[in-house]
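One letter stands for each residue in the lines below.
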Amino acid sequence: MMGNAPGIMRGSPRLGLKQGQREHITVEDVKSVAFNLLQENESLSIPLCFTTVMRSQQLNNFLSALLLYVSCYFEKEALERKPKPLMSEQSVTERKAVAEACAKVEIARKQLALKYSILVLGLGMSQQHHMACGKSRVSSTYKDRQLFECLYNFCAYVAWVTFRRKDLKGIQEEVGRLLRSDTFNPAIRVRQASEEQSKKKSTVKGKVCPPERRKRNPKRPAIKSIINQRSPVIVSLLPSPKEKSQYLFKPHRLDQDKTIDSCDIEALVDELSAALSSNFGIIGEPLSQYSMQTLVPCGAEPEDEEEDEQESKLTSKMSLGSRGLSSSQNDSQGNVSRPRTVVSRTTTEGFCSDTE
């Protein structure tokens, strides 16, 4: 059983908030609550090296960039969800606001890619890296996959707690979309599974012809193309020529005023660089107004908290970290060979970055 494997943290004491002279919520408080939420998920096996990574400065820098991106992403989503008039076009001010929000998301994604690359390459964390930061010729694939699966779920919980426990499903999908491809995103699998169940309920029982069956069950991409895929956050930092020229296939209007949709990129870069050291969400607010163990406002419970936790458990069951692989069997083999059934995205990215 995976739970009894060596190097796996099961039933360990939870990290609690230290009651001291602090008056405001810090990032360490949010990390402690997120770690407790991660431990409550029984389908996840937390490796012992994860606590070392969680206390590193590299992860703190990555979380700051992630919270900045989620903040810009929420701002962009709020602008897109505003009701649009049917008979008139957007005003110049609205178009400038949308263009600026999109530019902020792109800049924040590149800043996140820089911090994420440090984690993938293992700079300053050679003991936790799957190839000892280039010192080893053998990749500890299972250890690397298990560590980053915990990291992805941990990051989603950190963002969820920071932004007042709103829209956990949306945060998981966006974090999964950034750090994985669609093939390896369990949040998308949950949505696709629910859509397939709804289609099965809506269809009339009876025989289905082969062409209709192929339409309902689309073919998955080839394993060779999956191995060569990269996460969107890495693509934003190191795009290929094909990915860099995607703007050529976007629709363009002849009467479009480029001065309206353009914005001062340098000013936005300076603004977001300064925002990395600022507070997001509940960070910096008085600690006395929140519960010490959950960071939920005193006397109030989020309306969608129970629903989000159920969705989180369903998502984690479909994640790559809970595929039923025996950790004791992998440890006895020295973690030398790659598992044939699952391909680690982070290992692929780290290997490509190392060889380049």
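Our structure's up above, just so we're on the same page.
Residues numbered from 1 in each chain as written. Predicted model: local features only at pLDDT ≥ 70, side-chain atom pairs only at ≥ 80, totals over all residues. Heavy atoms only, no water.

Draft legend 1. Region of interest: the overall build of the chain. Broken down by element type, the chain carries 16 helices and two strands. For the chain, with 356 residues in total, the buried portion stands at 42%. Counting contacts in the chain only where the partners sit at least 6 residues apart, residues at least 24 apart contribute 79% of the total. Carbon and sulfur atoms form 53% of the exposed surface of the chain, whose accessible area is close to 20,900 Å². (Helix = DSSP H or I, 4+ residues; strand = E, 2+ residues; numbered from the N terminus. Buried < 20%, exposed > 50% of the residue type's maximum accessible area, 1.4 Å probe, protein only. Contact = heavy atoms within 4.5 Å. Areas by Shrake-Rupley, 256 points an atom, 1.4 Å probe, with all protein chains shown as cover.)

Draft legend 2. How the structure looks around the packing of aromatic side chains. Enumeration over the complete set of coordinates arrives at eight aromatic pairs. Ring centres of Phe35 and Phe50 lie 6.3 Å apart, and the angle between their planes is 10°; on these two criteria the pair is classed as stacked. With Phe35 in helix α1 (residues 27-40) and Phe50 in helix α2 (residues 49-54), this residue pair connects regions lying 15 residues apart in the sequence. The exposure class of Phe35 is buried, given its relative accessible area of 1%. With 6.1 Å between their ring centres and 45° between their planes, Tyr73 and Phe74 make a pair best called tilted. Overall, the relative accessible area of 18% leaves Tyr73 in the buried class. The exposure class of Phe74 is partly exposed, given its relative accessible area of 24%. One aromatic cluster is present, formed by Tyr69, Tyr73, Phe74 and Phe163 through successive ring pairs. Positioned over the ring face of Trp160 is Arg165, at 5.0 Å from the centre of the ring. (Phe/Tyr/Trp six-rings, centres within 6.5 Å; stacked < 30°, edge-to-face > 60°. Lys NZ or Arg CZ within 6 Å of the ring centre and 35° of its normal.)

Draft legend 3. Region of the structure containing the nonpolar core. Counting 64 residues, the largest nonpolar core has Phe50, Phe62, Tyr116, Phe154 and Leu295 as its most contacted members. Those elements that place two or more of their residues in this core are α1, α2, α3 (57-80), α4 (92-121), α5 (141-162), α6 (168-179), α10 (232-237) and α13 (265-275). Ranked by residues supplied to this core, first place goes to α5 with 13 residues. Other than its neighbours up to four places away in sequence, Phe50 contacts Phe35, Leu38, Leu147, Cys150, Leu151 and Phe154. (Core = buried A, V, L, I, M, F, W, Y, C linked by side-chain atoms within 4.5 Å.)

Draft legend 4. Spotlight on a nonpolar patch on the surface. A cluster of nonpolar side chains, namely Tyr247, Leu248 and Phe249, defines an oily patch on the protein surface of about 400 Å² accessible area. As for its position among the elements, Leu248 is in the loop between α11 (241-244) and α12 (258-261). (Patch = residues over 30% accessible without salt bridge, like charges linked within 9 Å, V, L, I, M, F, W, Y side chains within 5 Å. Salt bridge = Lys/Arg side-chain N within 4 Å of Asp/Glu carboxyl O.)

Draft legend 5. Structural view of α6. The end-to-end C-alpha distance of α6 is 16 Å, a good match for the 16 Å that twelve residues give at a rise of 1.5 Å each. Among the twelve residues in α6, ten count as buried, and that is most of the element. Three or more residues of α6 are buried, namely Leu168, Gly170, Ile171, Gln172, Glu173, Glu174, Val175, Gly176, Leu178 and Leu179. (Expected span 1.5 Å × (residues − 1).)

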